[in-house]
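Notes for the structure review
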Amino acid sequence: MTARKQAVIGLTGPMCAGKNQAAEILEQRGFLVIDADQTARRAMDAVEKDVLAAFGTEAAEKDILLTTKEGKIDRRQLGKLLFANQQLLARHEAIIYPEIDRLLNEYIDSNTDKTVVINAPLLYKSNVLARCVFVIYIDAPFIIRFLRASKRDTLPPSQIIDRFRAQNNLYAQYISRNVDILKVSNSGTLRVLKRRLEKQLESRGY
Ligand SMILES: CC(C)(COP(=O)(O)OP(=O)(O)OC[C@H]1O[C@@H](n2cnc3c(N)ncnc32)[C@H](O)[C@@H]1O)[C@@H](O)C(=O)NCCC(=O)NCCS
Ligand SMILES: Nc1ncnc2c1ncn2[C@@H]1O[C@H](COP(=O)(O)OP(=O)(O)OP(=O)(O)O)[C@@H](O)[C@H]1O
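Because the structure is a prediction, the values reported are computed rather than measured.

Under the criterion given, the structure shown has 13 salt bridges. The partner of Asp153 in a salt bridge is Arg152, and the shortest N-O contact between them spans 2.9 Å. For Asp153, a relative accessible area of 14% gives the class buried. Arg204 serves as the salt-bridge partner of Asp180, at 2.9 Å between the closest nitrogen and oxygen. Of this pair, Asp180 sits in the loop between α7 (170-175) and β5 (181-185) while Arg204 sits in the segment after α8 (190-203), and the two are 24 residues apart along the sequence. Its relative accessible area of 29% is what places Arg204 among the partly exposed residues. Here the salt bridges do not stand alone but share partners, grouping Arg29, Lys194 and Glu198 into one network.

This part takes up the packing of aromatic side chains. Under the defined criterion, the tally for this structure stands at seven aromatic pairs. Taken together, a centroid distance of 4.8 Å and an interplanar angle of 70 degrees make the contact between Tyr137 and Tyr171 edge-to-face. Highlighted residues: Tyr137 in strand β4 (residues 132-139) and Tyr171 in helix α7, separated in sequence by 34 residues. A relative accessible area of 3% places Tyr137 in the buried class. Judged by centre distance (6.5 Å) and plane angle (5 degrees), the ring pair of Phe142 and Phe146 falls under stacked. In this pair, Phe142 and Phe146 both sit in helix α5 (residues 142-152), four residues apart, roughly one turn of the helix. Assessed through its relative accessible area of 44%, Phe142 is described here as partly exposed. Every member of this aromatic cluster is reached through a ring pair, and the members are Tyr124, Tyr137, Tyr171 and Tyr174. It is Lys183 that lies over the ring of Tyr171; its NZ or CZ is 4.1 Å from the centre.

Thresholds, definitions, all that
- Residues numbered from 1 in each chain as written.
- Chains lettered and ligands numbered in written order.
- Predicted model: local features only at pLDDT ≥ 70, side-chain atom pairs only at ≥ 80, totals over all residues.
- Heavy atoms only, no water.
- Salt bridge = Lys/Arg side-chain N within 4 Å of Asp/Glu carboxyl O.
- Buried < 20%, exposed > 50% of the residue type's maximum accessible area, 1.4 Å probe, protein only.
- Helix = DSSP H or I, 4+ residues; strand = E, 2+ residues; numbered from the N terminus.
- Phe/Tyr/Trp six-rings, centres within 6.5 Å; stacked < 30°, edge-to-face > 60°.
- Lys NZ or Arg CZ within 6 Å of the ring centre and 35° of its normal.

See below:
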């Protein structure tokens, strides 16, 4: 166990930069990591009806079916609708973020004896950012992230690009919030990522 301070640390960066890989390295070092994408899935369960009511009209116009045969939200179809239209994405975020924030804060508050890492691509949209002592920003060039996404996800290239576009100017969002950012480039091997991450953590006494 290398972590010795009780604190909240942010782990962020654009899609397919390597946050999950970084999270594994941090877990191996004894940090407690929560994945905000998973938290957002739980939050969706709580706001599902509101989401379906909010996008029924636009989905019908685009011939997109938002529910599965079992009557649950079809996340991929919802994503297809939302990531192609920033206004709709903002409407969705206004519905779901209060619940995401509630769940993340609850998690932090129930683990006050540990150093908690919040793995969240859009951490700046959450009030949890204010609780972070610093933010680790994992990054990689667009083309590398695109190749990783193509290999990992079964999304058509146009939808990968839509998702990337929804995260334009991500780094600037943290800069403008005056956060202590530790930038880690992940364009090489995982071994290099580990070394860089450890070096940055050491610079903050972890
Ligand atoms: C739109 C939804 C239903 C699509 O679900 P889907 O299962 O297809 O994707 P998943 O949730 O696994 O997200 C995959 C990646 O998309 C990107 N992404 C997700 N939400 C957003 C967003 N609001 N803005 C920009 N990029 C996003 C992230 O890089 C994320 O890692 C879902 O992403 C969602 O509810 N997003 C809003 C909540 C959110 O911002 N989640 C991020 C947690 S910080
Ligand atoms: N240094 C690396 N070398 C090889 N493959 C990598 C490296 N870093 C990440 N990957 C691979 O790229 C893909 C994306 O990585 P990862 O899931 O860690 O990114 P992420 O930033 O967490 O993505 P998302 O925002 O979509 O959750 C994964 O399949 C992962 O195994």
